[in-house]
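# Descriptive analysis of the structure
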Amino acid sequence: MTRLSVNINKIATLRNARGGNIPDVVKAAISCEQYGAEGITVHPRPDERHIRYRDVRDLKKVVTTEFNIEGYPSKKFLELISEVKPHQVTLVPDPPNALTSNAGWNTVRHLDFLKEVIEGLKKQEIRTSIFMETDLEMIRKAAETGTDRIELYTEPYAAEYHLDREQAIAPFVTAAEVAHQEGLGINAGHDLDLDNLEFFARNIPHLLEVSIGHALISDALYYGLENTIQMYLRKLKKQ
Ligand code: PXP
């Protein structure tokens, strides 16, 4: 079964638009879990424009499912991780001002860096995942970093889904098969939504987890958070 982790960055974006604490990020995380989410994901960025470091500390106290923190492994980020000790860290190669994650790691170029960071995280018994595109050379190299999992960057799948979904998914199926052969667990995320999720989850072998933020929180405006989470869960469980 593939787990649904809800990325709550957008809740923080909305809160930050006005100052104050509405909507309350901590309350939202608790509600997501009550409504069936199997994990909570946050992505604190260096400018703290959505999730703040303080939110991460507050969330740690209440999250009872899997807590996944994404980010570029800067010194400050890794210090936060050591303090909070989430279940999983997803490393992304984002430059500091990136609007959103838009590329996977080049595991050939950054092999030594990733190895060192991952070794440090594993000493703290934190599961690691690294954000990856479907390039097979990069995926094979990912295994050498020592990471437990990879997170497949699904934006290209989502972009092509409505044109030709068989073609859109093909490289992801191969990438997942290779990753599995290399002993890597498989997560996925970015631009997954109520339209494209079911086909993805049905066709990708060994898919352990998806993290979904933008579309899910946007859908919640129309359907409500509880209904929306149930709708996403049904897309994952009907396999
Ligand atoms: N995975 C990573 C690494 C991300 O940066 C994001 C966006 O913060 C997501 C997954 C979720 O993407 P979306 O918000 O499009 O669902």
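As a reminder, the structure under discussion sits directly above these lines.
Since the model is a prediction, treat every value here as computed from it, not as a measurement.

## Points about the packing of helix α3 (residues 53-62) against helix α4 (residues 75-84)
Helix-helix packing is characterised by the crossing angle of the two axes and by the distance between the axes. In contact at an axis separation of 10 Å, α3 and α4 are set at 15° when each is read in the N-to-C sense. Between α3 and α4, the angle is such that the two are roughly parallel. Crossing geometry of α3 relative to α4 is assigned as right-handed. On α4, the residues touching Y53, V56, R57 and K60 of α3 are K76, F77, L80, E83 and V84. For the contact of α3 with α4, the residue count by class is five nonpolar, no polar and four charged.

## A few points about unusual backbone geometry
Most of the time, phi is negative for any residue but glycine, and the peptide bond is trans. Here the amide bond leading from I22 into P23 is cis, since omega sits at -5°, within 30 degrees of zero. With respect to the secondary-structure elements, P23 resides in the loop between α1 (9-16) and α2 (25-34). A positive phi angle, close to 50°, is found at E48, a residue other than glycine. By the element assignment, E48 lies in the loop between β2 (39-42) and α3. Look at E125: it is not a glycine, yet its phi comes out positive at around 60°. Within the secondary structure, E125 is located in the loop between α5 (111-123) and β5 (127-132).

## A closer look at the packing of helix α10 (residues 214-223) against helix α11 (residues 225-237)
Direction vectors running N to C along α10 and α11 enclose 130°, while the axes themselves pass 7 Å from each other. On the basis of the axis angle, α10 is oblique to α11. Handedness of the α10/α11 crossing: right-handed. Contacts from A215, L216, D219, A220 and Y223 in α10 reach L225, N227, T228, I229, M231 and Y232 in α11. Here the contact of α10 with α11 is built from residues that sort into eight nonpolar, two polar and one charged.

What counts, and at which threshold
- Residues numbered from 1 in each chain as written.
- Predicted model: local features only at pLDDT ≥ 70, side-chain atom pairs only at ≥ 80, totals over all residues.
- Heavy atoms only, no water.
- Axes fitted to C-alpha atoms, helices over the stretch in contact; angles between N-to-C directions.
- Helix = DSSP H or I, 4+ residues; strand = E, 2+ residues; numbered from the N terminus.
- Parallel < 35°, antiparallel > 145°, perpendicular 65-115°, else oblique.
- Left-handed = near helix turned anticlockwise from the far one by under 90°.
- Contact = heavy atoms within 4.5 Å.
- Nonpolar A, V, L, I, M, F, W, Y, C, P; charged D, E, K, R; others polar.

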